[in-house]
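Notes for the structure review
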Amino acid sequence: MSEQASSIDYIMEKASGPHFSGLRLNGLLSSLSSSSSTSPTHRTCSVSASASPLTPKQPFVIGVSGGAASGKTTVCDMIIQQLHDHRVVLVNQDSFYRGLTTAELERVHEYNFDHPDAFDTEQLLDCIQKLRSGQPYQIPIYDFKTHLRCSDSFRQVNASDVIILEGILVFHDPSVRNLMNMKIFVDTDVDVRLARRIRRDTVERGRDINFVLEQYAKFVKPAFDDFVLPSKKYADVIIPRGGENHVAIDLIVHNIESFIYSAPGSVYTGVDFCKKLCGVSVVRR
Ligand SMILES: Nc1ncnc2c1ncn2[C@@H]1O[C@H](COP(=O)(O)OP(=O)(O)O)[C@@H](O)[C@H]1O
Ligand SMILES: Nc1ccn([C@@H]2O[C@H](COP(=O)(O)O)[C@@H](O)[C@H]2O)c(=O)n1
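Residues numbered from 1 in each chain as written. Chains lettered and ligands numbered in written order. Predicted model: local features only at pLDDT ≥ 70, side-chain atom pairs only at ≥ 80, totals over all residues.

If you check helix α8 (residues 209-231), its first and last C-alpha atoms are just 29 Å apart, much less than what 23 residues at 1.5 Å a residue would give, namely 33 Å. Its maximal kink placed at Y216, α8 deviates by approximately 50°. Within α8, burial applies to Q215, V220, A223, F224, V228 and S231. Packing partners of the buried residues in α8 comprise β1 (60-66). (Helix = DSSP H or I, 4+ residues; strand = E, 2+ residues; numbered from the N terminus. Expected span 1.5 Å × (residues − 1). Bend = angle between axes of the 7 residues up to and from the residue. Buried ≥ 20, exposed ≤ 12 C-beta atoms within 10 Å, placed from the backbone. Contact = placed C-beta atoms within 7 Å.)

So, in structure tokens, the structure goes:
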């Protein structure tokens, strides 16, 4: 054990006598989180109480929405990196795209991938409900080049402390949205999103520039205005500039950790949380 960790243990043990009542973390954390959520100016560090209350050891569910190429995946990766002491699973809404039929494939230029009906939301809901109740799930694998799902392989996902659900329309369906304990919207300038999309779709997805621009004007932009932007109002936290915004990401991670450490039935103790605040790595019991 490092010198820093052992001295924190010493301080906590010393404080655990008659004075310990002043250090009850559950009370401290709930009062901190309720005070931050009451003021609109502090919304960036509040956590939604909209989902049903967490039961012991139930995973913390985070929804991350925003326009295509806004930086959702990048923000999720940064959160996951910082939560390295915990079991975190990332679920992409993209994995639940319906595979196109032969007739749809023949007229792919006319297919709207940005409409809510393009996703199998029933299956996505089933996935989040199972993961939330601690069961494993086999997530489909979607191929953006063929517009089909892999018929014989899946990504096996196991029980975790935190579930992050990322996608353009994860706030659209109320039954999916209501499973979330925290909702984040990544807010990136429209020109930046389009520039990134052109690069990604031509370089990584092997698409023709004319297809990309036509799809953008016909489907992506209108669907952003009709479905994605209106769902921004459900967000608890709005991150301007996505992954560049380290301050917002640090605040979010801190808030998630305070919930993990104070959840009823948590495997962590108050000492763990104090260690974490002091920058000491905490190992799961
Ligand atoms: N802050 C950033 N600066 C530069 N490029 C970025 C930044 N964030 C994301 N990107 C790039 O933009 C593209 C889309 O980002 P991604 O995180 O996958 O967005 P989304 O998941 O919203 O589609 C990727 O190629 C990624 O590398
Ligand atoms: N076969 C497909 C499926 C989806 N798209 C586009 O992907 C975008 C959403 O993905 P992000 O990772 O950027 O959130 C969406 O705007 C769809 O138009 C596609 O082009 N082809």
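The local shell around ligand 1 holds 13 residues, among which G71, K72, T73, T74 and R196 are the closest. Of all elements in the fold, only α3 (72-82) and α7 (190-203) reach the threshold of two or more residues within the shell around ligand 1. The element contributing the most residues to the shell around ligand 1 is α3, with 3 residues. In the shell around ligand 1, the residues fall into 2 nonpolar, 7 polar and 4 charged. (Near = placed C-beta within 6 Å. Nonpolar A, V, L, I, M, F, W, Y, C, P; charged D, E, K, R; others polar.)

Moving on, we get to the sheet that holds strand β5 (residues 162-166). Taken together, the 5 strands give an open sheet; going across it, the order is β2-β5-β1-β6-β7, and neighbouring strands pair in parallel fashion. The strands lining the two open edges of the sheet, one partner per strand, are β2 (88-92) and β7 (237-240). Sheet twist, expressed as the average angle between the axes of neighbouring strands with direction ignored, equals 20°. Two strands pair when backbone bridges link them, and β1 and strand β6 (residues 182-187) are joined in this way by 5 bridges, in the parallel orientation. Its bridge partner being in β6, V64 is matched across the sheet by I184. Contacts between helix α9 (residues 246-262) and the sheet are confined to β1, β5, β6 and β7, with β1 contributing the most and set at about 160° to the helix. (Pairing = 2+ DSSP bridges. Axes fitted to C-alpha atoms, helices over the stretch in contact; angles between N-to-C directions.)

For the protein, the mean per-residue pLDDT works out to 81, and 72% of the residues sit at or above 70. The low-confidence segment residues 8-49, where pLDDT is below 50, has 40 contacts with residues more than four positions distant or belonging to other chains. Model confidence for the complex is summarised by a pTM of 0.81, with the ipTM given as 0.98. (pLDDT = per-residue confidence, 0-100.)

Mapped onto this structure's residue numbering, the UniProt feature "domain: Phosphoribulokinase/uridine kinase" (unreviewed entry) falls at residues 61-247. Between the C-alpha atoms that bound residues 61-247 there is a distance of 21 Å. The span itself is 38% helix and 23% strand. (UniProt positions renumbered as here; feature names shortened; annotations may be inferred.)

Let us look at helix α5 (residues 121-132). Taking 1.5 Å per residue as the helical rise, α5 with its 12 residues ought to reach 16 Å, and the 16 Å between its terminal C-alpha atoms agrees with that figure. Looking at α5, one finds that the buried residues are L124, C127, I128, L131 and R132. The buried residues of α5 occupy an angular sector of 125° when projected down its axis, which confines them to one face. Packed against the buried residues of α5 are β1, β2, β3 (137-143), β4 (148-157), β5 and α6 (174-177). (Arc of directions from axis to C-beta.)

Moving on, we come to the site of ligand 2. Inspection of the region around ligand 2 gives A68, A69, K72, D94, Y97, F113, D114, F144, H147, I168 and V220 as its neighbouring residues. Looking at side-chain class alone, the shell around ligand 2 contains 7 nonpolar, 1 polar and 3 charged residues.

The next thing to look at is the packing of α7 against α8. Where α7 meets α8, the axes come as close as 9 Å, and the angle between the chain directions of the two elements is 140°. In terms of orientation, α7 lies oblique with respect to α8. In this structure, α7 crosses over α8, and the sense of that crossing is right-handed. Contacts from L194, R197, I198, D201 and T202 in α7 reach I209, V212 and Y216 in α8. Among the residues making up the contact of α7 with α8, the classes are represented as 5 nonpolar, 1 polar and 2 charged. (Parallel < 35°, antiparallel > 145°, perpendicular 65-115°, else oblique. Left-handed = near helix turned anticlockwise from the far one by under 90°.)

What follows concerns unusual backbone geometry. Keep in mind that most residues, glycine aside, have a negative phi and that most peptide bonds are trans. With a phi angle near 65°, H147 is a residue other than glycine that sits in the positive phi range. Along the chain, H147 turns up in the loop between β3 and β4. The phi angle at R241 is positive, at roughly 70°, despite the residue not being glycine. The residue R241 is located in the loop between β7 and α9 in this model.

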